[in-house]
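A closer look at the structure
Given next are the chains, with one letter for each unit.
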Amino acid sequence: MNRYEGRRVLITGGGSGIGRATVHRILAEGGRVHAVDVSETGLKGTADQAAGHGHPPAVAGQGAAGRLTTAVLDISDENAVTDGVAAAVEALGGIDVLVNAAGILRSAHTHRTTLDLWNKVIGVNLTGTFLMIREALPALLAGDRPVVVNFSSTSASFAHPYMSAYAASKGGIQSMTHALAAEYSKQGLRFVSVAPGSIESGMTTGGGPGLPEDTDWSLFTKLAPALGQGFAGPETVAGVVAMLGSEDGAFITGTEIRIDGGTHY
Ligand SMILES: NC(=O)c1ccc[n+]([C@@H]2O[C@H](COP(=O)([O-])OP(=O)(O)OC[C@H]3O[C@@H](n4cnc5c(N)ncnc54)[C@H](O)[C@@H]3O)[C@@H](O)[C@H]2O)c1
């Protein structure tokens, strides 16, 4: 499938997990990708894999590495986002698809959640996503069949204890996606959210959510996917993101797609 031939894609969080898997998937479908992340090491790993040197090497195919550029960017820093998106437009020659995969998960009892922790989670996940969209809008509106894919979470619609800041940030992304779809549909710009859950990544099976030591597991009513043997790989989400950013998703906007193996059906 070469749905991305000639398509210019900016992906945040491209240095790990689902963002990285999306970079490889879109490269494999012929796209040009500019991946940004706050982690330089993560981006190097992604680029090495695209060049066939990483562990495991990506299966993006011949010439994939030549269609990938990377840059360190903290999406919660307004000035850095202004400069970073301008650099992306220059590297790609425009933007047709923006994938906002960068995010952080921090957990704590809410009565022990400091304002710093709250602001950090909202600042990266919600404000960072807003800043990326705001700065990329002029390029997207000039782009070819443009799309923005945002990252919500099952936490936005289903109760996950100890994660009130994270849930609020992801609920905000979902609501913002609806508002943006209403505002820009007439100009042909689509906005969709994915709501993953139970996906292997740095955030889950890697560092993990850092749950409180005295976590009451009985509060987690739904943890196990109905499909498969446990958590799924990040490529399961990357395939859906690739569909949404392509013409296969041409009639989808202002909504969210849950990808959690049926954990929350
Ligand atoms: N893994 C899951 O089950 C799951 C569930 C629901 C939602 N999500 C969402 O999927 C997205 C991807 O996460 P993942 O699971 O692949 O985790 P991950 O930790 O593997 O990847 C997140 C990436 O975002 C980057 N990042 C963090 N802060 C940043 C910042 N300020 N600026 C730029 N980059 C930054 C990290 O360095 C990392 O490379 C996130 O938005 C996450 O909230 C994941």
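Residues numbered from 1 in each chain as written. Predicted model: local features only at pLDDT ≥ 70, side-chain atom pairs only at ≥ 80, totals over all residues. Heavy atoms only, no water.

1. Side note on the site of the ligand
In the vicinity of the ligand lie 29 residues, with S16, I18, D37, Y166 and S201 positioned nearest. Between S16 and the ligand, the recorded distance is 2.6 Å, taken from a side-chain N or O atom to an oxygen atom. Here an oxygen atom of the ligand and a backbone polar atom of I18 are 2.7 Å apart. Contact with the protein chains covers 92% of the free accessible surface of the ligand, which is 820 Å². (Near = heavy atom within 4 Å. Polar contact = N/O pair within 3.5 Å; in protein donor to acceptor, adjacent residues only side chain to side chain. Areas by Shrake-Rupley, 256 points an atom, 1.4 Å probe, with all protein chains shown as cover.)

2. Some details on unusual backbone geometry
What is expected of a backbone is that most residues other than glycine have negative phi and most peptide bonds are trans. Unusually for a residue other than glycine, Y162 sits at a positive phi of about 70 degrees. Structurally, Y162 can be placed in the loop between β5 (147–151) and α5 (164–184). (Helix = DSSP H or I, 4+ residues; strand = E, 2+ residues; numbered from the N terminus.)

3. Re the sheet that holds β5
Strand order in the open sheet formed by seven strands is β3-β2-β1-β4-β5-β6-β7, with parallel pairing between adjacent strands. The outermost strands of the open sheet, each flanked by one partner alone, are β3 (68–72) and β7 (255–259). Averaged over all adjacent pairs, the angle separating strand axes in this sheet is 15 degrees, with direction ignored. Bridge count for strand β2 (residues 32–37) against β3 is five bridges, and the pairing is parallel. (Pairing = 2+ DSSP bridges. Axes fitted to C-alpha atoms, helices over the stretch in contact; angles between N-to-C directions.)

4. Observations regarding empty space enclosed by the protein
Empty pockets left among the atoms are what a rolling probe the size of a water molecule brings to light. One pass over the structure, following the stated rule, counts one cavity of 30 Å³ or more. As for the largest cavity, its lining consists of R106, S107, A108, T113, L117, Y162, M163, S164 and A165. Residue composition of the lining of the largest cavity, grouped by class: five nonpolar, three polar and one charged. (1 Å grid on protein atoms, 1.4 Å probe; cavity = no way out; pocket = protein on both sides within 12 Å on 5 of 7 lines; lining within 4 Å. Points joined across faces, edges and corners; volume = space filled by probe spheres on them. Nonpolar A, V, L, I, M, F, W, Y, C, P; charged D, E, K, R; others polar.)

5. Some thoughts on the packing of helix α3 (residues 78–92) against helix α4 (residues 115–141)
The N-to-C vectors of α3 and α4 enclose an angle of 35 degrees; their axes lie 9 Å apart at closest approach. Here α3 and α4 pass one another in a crossing that is right-handed. Residues E78, V81, T82, V85 and V89 of α3 form the contact with α4, whose participating residues are L131, M132, R134, E135, A136 and A139. Residue classes in the contact of α3 with α4 are distributed as seven nonpolar, one polar and three charged. (Left-handed = near helix turned anticlockwise from the far one by under 90°. Contact = heavy atoms within 4.5 Å.)

6. Quick look at the environment of G93
Summarising the element assignment, G93 is placed in the loop between α3 and β4 (97–100). Each C-alpha atom, one on G93 and one on A139, is 9.3 Å from the other, the two residues being 46 residues apart in sequence. Residues in contact with G93, not counting those within four places in the same chain, are R8, R32 and A88.

7. Examining the pairing of β4
The side-chain alternation of β4 yields two buried faces, one formed by V97 and V99 and the other by L98 and N100. Pairing analysis gives four bridges linking strand β1 (residues 8–12) to β4, with the strands arranged parallel. Bridging from a neighbouring strand, T12 pairs with N100 of β4. In the sheet, β4 pairs with β5 via four bridges, with the strands oriented parallel. Bridge pairing in β5 links L98 to V148. A crossover connection joins β4 to the parallel β5 through α4; in handedness this β-α-β unit is right-handed. (Buried < 20%, exposed > 50% of the residue type's maximum accessible area, 1.4 Å probe, protein only. Right-handed = clockwise from strand over helix to strand, strands pointing away.)

8. Brief notes about the side chain of D260
Looking at the element boundaries, D260 is found in the segment after β7. In this structure the side chain of D260 is engaged in a polar contact, spanning 3.0 Å, whose partner is the backbone nitrogen of G262. If near-sequence neighbours (up to four positions away) are discounted, D260 is found in contact with T154, G197 and P225.

9. Considering the nonpolar core
A general trend in soluble globular proteins is that nonpolar side chains are found buried together. Grouped together as the largest cluster of nonpolar side chains are 34 residues, with contacts concentrated most on L10, L98, M132, I133 and F191. Looking at this core, the elements that each hand over two or more residues are α3, α4 and α5. In terms of residue count, α4 provides more of this core than any other element does, nine residues in total. Once you skip the residues sitting within four places of it in the chain, M132 turns out to touch L10, T12, L73, I75, V81, V85, L98 and N100. Ranked by size, the runner-up nonpolar core spans 28 residues in total, among them V9, I18, A50 and V147. (Core = buried A, V, L, I, M, F, W, Y, C linked by side-chain atoms within 4.5 Å.)

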